[in-house]
Amino acid sequence: MPDTPTSPSPSPQQNPAATHVDVVSDVTVWSRDRWLPARDVHLRDGLVHALTPHGSVPPAAGATVLHGDGGHLVPGLVNTHTHLHQAALRGIGEGEPLLSWLRLVGEETVALTPERAYAAAAAAASEALRSGTTTLVEHMWPHPSPEVHDAVLRALTDTGIRAVVCRGVADRPDPTRRWGFDPRLMQPLEEVLAHTGHLAAAVRGSRLSVGVAVPNVRTLTPAGMRTVRAFADEHGLPVSLHLLETTTDDDMCRARLGRGAVAHLDENGFLWDRLLAVHCVELDAAGQALLARRGVAVSYNPLSNMRLGTGIAPVPAMLAAGLDVGVGVDGAASNDTQDMLEALRVGAYLQRAAHRRADLLDFTAMMRLGVDGASAALGLPRRPDGVVPGVPADLVLHRFARDYATLPVRDPGATLLTCASSRTVDTVLVAGEPVVRDGRSTRLPESRLVAALLESAPPAARAARTATGGAVTVS
């Protein structure tokens, strides 16, 4: 049995205003691939300290106790891919193929202001927390405004979530975006990397960390790849890269270079163990084997791939090849939510439909992907065993009785995978701090998010809302 606290307490507290929790009492805990009923989970210094039978170790005097009352405690989920600014672009380009959709989103990104960036990031992160996500990976599009980046960092800090914020880079301009990136959003590479270093220093010691985001293989020159790789290695940063979402990466690389996208990346030293390859819908067996040998991780984004009609990533084959695979929701312009529970459910079902096998990717498998799938590449603490001593106290308390549509519960894992939602999320802890309580953010009132999103809407959207008599009352 692990070390346990022994100081008795005559009167454990349930303090709604508490900034941290010391004990989560009387819960069924997901630990080492099984459910442990009637446990108390003791927290210390932002970490899980011990799991003990309920009531066997009384809380210390003055401890703050979150009474689980038989709820189910699971590790917080990691969303390995999103674009936060797209939370203000929901529904855009519906029915458009990827390249047409990208052009629409690109115009909105050019027009992005710090105010809109803050509102969108705060809303997206709050929505993510509400579905049990405690860490997200933000893949920022390249953008020349320092104020936009500062606004995103401020919004994430205000919500209390953990995040890896990957700053966008590109050094090959092309207004069509077929062999490069929108020049209106680009800066000299050395300026971008210097700013990335500044951001990394600014967030050091907080719940945020920084990485580099590459729009796709076509947006960096070979020299740019070598420069970005050297910078990431020097500073110990992860790199997020859209790869083979469609055949375009391969088609363009073969037409221009005479080799496929994966071979081009490998030739330029851009496949390594801190690279997160996003989507990989068109990654063939040879590519899977090569990425596995190089230690690359993959982010599986089933909902956006469905929405944009780009295909189904070969996840079972990737796992069989030895690839680390995490789950992402993608931006809210192509999903159009930030709900990781939905992504886990749809991600499992999509593979089952594609392979005609109902036994693929059960709850245990999807929890591994959703909690720890890409953590090594991202530099996040490893949590392959769920809630165990020593892991961050990033925890989610589900109360299934909050939503009658989940009852009765025959198998908690099956319930979480098949029908749980943000409606069953009662409390979310990040480093032991309750950032969601009773299903709502403790940091940012929903009325503030509503007001910020409406205020940040482009003039045409505000005018349309006024013309149709739409109104929202903000208290």
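Each value, and the rule that gives it
- Residues numbered from 1 in each chain as written.
- Predicted model: local features only at pLDDT ≥ 70, side-chain atom pairs only at ≥ 80, totals over all residues.
- Heavy atoms only, no water.
- Helix = DSSP H or I, 4+ residues; strand = E, 2+ residues; numbered from the N terminus.
- Expected span 1.5 Å × (residues − 1).
- Buried < 20%, exposed > 50% of the residue type's maximum accessible area, 1.4 Å probe, protein only.
- Polar contact = N/O pair within 3.5 Å; in protein donor to acceptor, adjacent residues only side chain to side chain.
- pLDDT = per-residue confidence, 0-100.
- Contact = heavy atoms within 4.5 Å.
- 1 Å grid on protein atoms, 1.4 Å probe; cavity = no way out; pocket = protein on both sides within 12 Å on 5 of 7 lines; lining within 4 Å.
- Points joined across faces, edges and corners; volume = space filled by probe spheres on them.
- Nonpolar A, V, L, I, M, F, W, Y, C, P; charged D, E, K, R; others polar.

**Focus on helix H11 (residues 340-355)**
At step 1: A rise of 1.5 Å per residue sets the reference length of H11, with its 16 residues, at 22 Å; its end C-alpha atoms lie 23 Å apart and thus fit the reference within 8%.
At step 2: Looking at H11, one finds that the buried residues are Met340, Leu341, Ala343, Leu344, Arg345, Val346, Gly347, Ala348, Leu350, Gln351 and Arg352.
At step 3: Where H11 begins, the side chain of Asp339 points an oxygen toward the backbone nitrogen of Leu341, at a separation of 3.0 Å.

**Focus on the confidence of the model for the protein**
At step 1: When pLDDT is averaged along the protein, the result is 93, and 92% of the positions lie at 70 or above.
At step 2: Predicted confidence is poor over residues 1-13, with pLDDT under 50, and the contacts of this stretch with residues over four places away or in other chains come to 33 contacts.

**Things to note about empty space enclosed by the protein**
At step 1: In the structure shown here, the tally under the stated rule is seven cavities of 30 Å³ or more.
At step 2: The wall of the largest cavity is formed by 24 residues, among which Leu98, Leu102, Pro215, His242 and Glu245 lie closest to the centre.
At step 3: Classifying every residue of the lining of the largest cavity gives ten nonpolar, nine polar and five charged.
At step 4: In this model, the second largest cavity occupies a volume close to 100 Å³.
At step 5: Within the residue set of the lining of the second largest cavity, elements represented by two or more residues are strand E5 (72-75), H11, helix H12 (363-372), strand E14 (395-398) and helix H14 (412-418).
At step 6: A per-class count over the lining of the second largest cavity returns eleven nonpolar, three polar and one charged.

**Points about the environment of Pro408**
At step 1: Tracing the backbone through its elements, the reader meets Pro408 in the loop between E14 and H14.
At step 2: Residues Pro408 and Gln351 lie 57 residues apart in sequence; the distance between their C-alpha atoms is 27 Å.

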